[in-house]
Amino acid sequence: NVPEDQADKLLLASWGLPKAVLEKYHRLGVVQMFEWQAECLMLGQVLEGKNLVYSAPTSAGKTLVAELLILKRVLETRKKALLILPFVSVAKEKKYYLQ
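Residues numbered from 1 in each chain as written. Predicted model: local features only at pLDDT ≥ 70, side-chain atom pairs only at ≥ 80, totals over all residues. Heavy atoms only, no water.

**Q** What am I meant to see in the overall build of the chain here?
**A** Helix and strand content of the chain: four helices and zero strands. When the helices and strands of the chain are placed in sequence order, the string is α-α-α-α. Its C-alpha radius of gyration of 13 Å places the chain within 12% of the 13 Å reference for a compact globule of 99 residues. Counting only residues that meet the buried cut, the chain has 24% of its 99 residues in that class. A sequence separation of at least 24 residues applies to 54% of the contacts in the chain between residues at least 6 apart. On the chain, roughly 7,200 Å² of surface is accessible, and the fraction owed to carbon and sulfur atoms is 55%. Here the chain contributes 14 positively and 10 negatively charged side chains, and the mean placements of these two sets differ by 14 Å. (Helix = DSSP H or I, 4+ residues; strand = E, 2+ residues; numbered from the N terminus. Rg over C-alpha atoms; globule rule 2.2 N^0.38 Å. Buried < 20%, exposed > 50% of the residue type's maximum accessible area, 1.4 Å probe, protein only. Contact = heavy atoms within 4.5 Å. Areas by Shrake-Rupley, 256 points an atom, 1.4 Å probe, with all protein chains shown as cover. Lys, Arg positive; Asp, Glu negative; His and termini not counted. Charge placed at Lys NZ, Arg CZ, Asp CG, Glu CD.)

Put into structure tokens, the structure is as follows:
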């Protein structure tokens, strides 16, 4: 669980994302994440590029964790990222949203 003193970490706005990115998520109805998603982002040195392996049921929100990690790293390091997705339809959807 996310400690009470870090409950603000559930809000996407707490992760230092650009305003345009936050607005896009807000238009999609995503304003905050689940506790388990925030826990993933706060583990060890994940935000500094260390590996993260996590598992959750279908439609639980795994992709949001990956997107936030990728967005933060790309924006902070100005390097490219590779996002591998299991289906062409998901890849097309993510391409559309991430543009």
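**Q** Could you clarify how one ought to interpret the environment of Val 31 in this entry?
**A** Position of Val 31 among the secondary structure elements: in the loop between helix H1 (19–27) and helix H2 (35–42). Distance from Val 31 to Thr 77, taken between C-alpha atoms, is 25 Å for residues 46 residues apart in sequence. Apart from the residues lying within four places of it in its own chain, the contact partners of Val 31 are Leu 10, Leu 11, Leu 12 and His 26.

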